[in-house]
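Given next are the chains, with one letter for each unit.
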Amino acid sequence: LVLRIMPDVKRRELRYFRAMLDVDGDGRISFQELNELVKECKHAAVLARTKMPLLEELKADLRRLVRNNRRDAVRVFNEFD
C-alpha cells in the first residue's frame with residue numbers, strides 16, 4: 001500500500017515506517033495499529049493548531065535571549081533542553 005501511495009520511498013524509509021506502525025512487533029500492520037496511528041496524527045494536528053501561539057512566543061523569547069546576550073543559539077537551546 002505504501003509503495004502505491006509513495007512509489008519513490010526508499011527501502012530503509014519503508015522499514016522505518018513499518019517499525020513505527022507495527023506496535024506489537026508481529027511483522028504485520030493491522031487495521032487496529034493503522035487506525036491508532038491515524039487517531040494520534042489527528043490529535044497531534046489539533047494540538048499543533050492550539051499550541052502554535054505558545055510556540056511562536058517561545059521562539060520570539062529565544063531570539064531575544066540570543067540577540068540580547070550575544071550567545072550562540074545552540075548553547076542557549078542546550079541550556080533549556
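In case you missed it, the structure is sitting above this.
Conventions adopted
- Residues numbered from 1 in each chain as written.
- Predicted model: local features only at pLDDT ≥ 70, side-chain atom pairs only at ≥ 80, totals over all residues.
- Heavy atoms only, no water.
- Helix = DSSP H or I, 4+ residues; strand = E, 2+ residues; numbered from the N terminus.
- Rg over C-alpha atoms; globule rule 2.2 N^0.38 Å.
- Buried < 20%, exposed > 50% of the residue type's maximum accessible area, 1.4 Å probe, protein only.
- Areas by Shrake-Rupley, 256 points an atom, 1.4 Å probe, with all protein chains shown as cover.
- Lys, Arg positive; Asp, Glu negative; His and termini not counted.
- Charge placed at Lys NZ, Arg CZ, Asp CG, Glu CD.
- Salt bridge = Lys/Arg side-chain N within 4 Å of Asp/Glu carboxyl O.
- Polar contact = N/O pair within 3.5 Å; in protein donor to acceptor, adjacent residues only side chain to side chain.
- Contact = heavy atoms within 4.5 Å.

A.B. asks: What exactly am I supposed to notice about the overall build of the protein here?
C.D. replies: Broken down by element type, the protein carries four helices and zero strands. For 81 residues, the compact-globule estimate of 2.2 N^0.38 gives 12 Å, and the protein exceeds it by more than 25% at 19 Å. Here the C-alpha coordinates of the protein stretch approximately 50 × 30 × 25 Å along the principal axes. For the protein, the proportion of its 81 residues judged to be buried stands at 10%. With the model as given, the accessible surface of the protein reaches about 7,500 Å², and the carbon-plus-sulfur share is 58%. Averaged over its 18 positive side-chain charges, the protein has a centre that lies 6 Å from the centre of its 14 negative ones.

A.B. asks: Just to check I follow, could you spell out the side chain of Asp 22 for this structure?
C.D. replies: Checked against the element boundaries, Asp 22 lands in the loop between helix H2 (11-21) and helix H3 (31-69). Summary of buried charges: Asp 22 has no salt-bridge partner, and the nearest side chain of opposite charge, Arg 28, is 8.2 Å away.

A.B. asks: Is there a simple way to explain the pattern of salt bridges in this structure?
C.D. replies: Once the charged atoms of two side chains with opposite charge are near each other, the side chains can pair. Per the counting criterion, the structure on display carries two salt bridges. Between Lys 39 and Glu 36 there is a salt bridge; the shortest N-O distance is 3.7 Å. Separated by three residues within a single helix, Lys 39 and Glu 36 lie in helix H3, roughly one turn from each other. Under the relative-accessibility criterion, Lys 39 is labelled partly exposed at 47%. For the salt bridge of Arg 64 with Asp 61, the shortest nitrogen-to-oxygen distance reads 2.3 Å. In this pair, Arg 64 and Asp 61 are both assigned in helix H3, three residues apart and thus about one turn of the helix distant. Among the residues examined, Asp 61 registers a relative accessible area of 34% and is labelled partly exposed.

A.B. asks: Would you mind going over the side chain of Glu 33 with me for this structure?
C.D. replies: With respect to the helices, strands and loops of the structure, Glu 33 is situated in helix H3. One buried charged residue, Glu 33, forms no salt bridge at all, with the nearest opposite charge on Arg 28 at 7.8 Å. A polar contact is formed between the side chain of Glu 33 and the backbone nitrogen of Val 23, at a distance of 3.0 Å. A polar contact is formed between the side chain of Glu 33 and the backbone nitrogen of Asp 24, at a distance of 3.1 Å. Beyond its immediate chain neighbours, meaning those up to four positions away, Glu 33 contacts Leu 21, Asp 22, Val 23, Asp 24 and Arg 28.

A.B. asks: Please explain the environment of Leu 14 as it appears in this structure.
C.D. replies: As for its position among the elements, Leu 14 is in helix H2. In this view, Leu 14 contacts Val 2, Leu 3 and Val 9; residues no more than four positions away in its chain are not counted.

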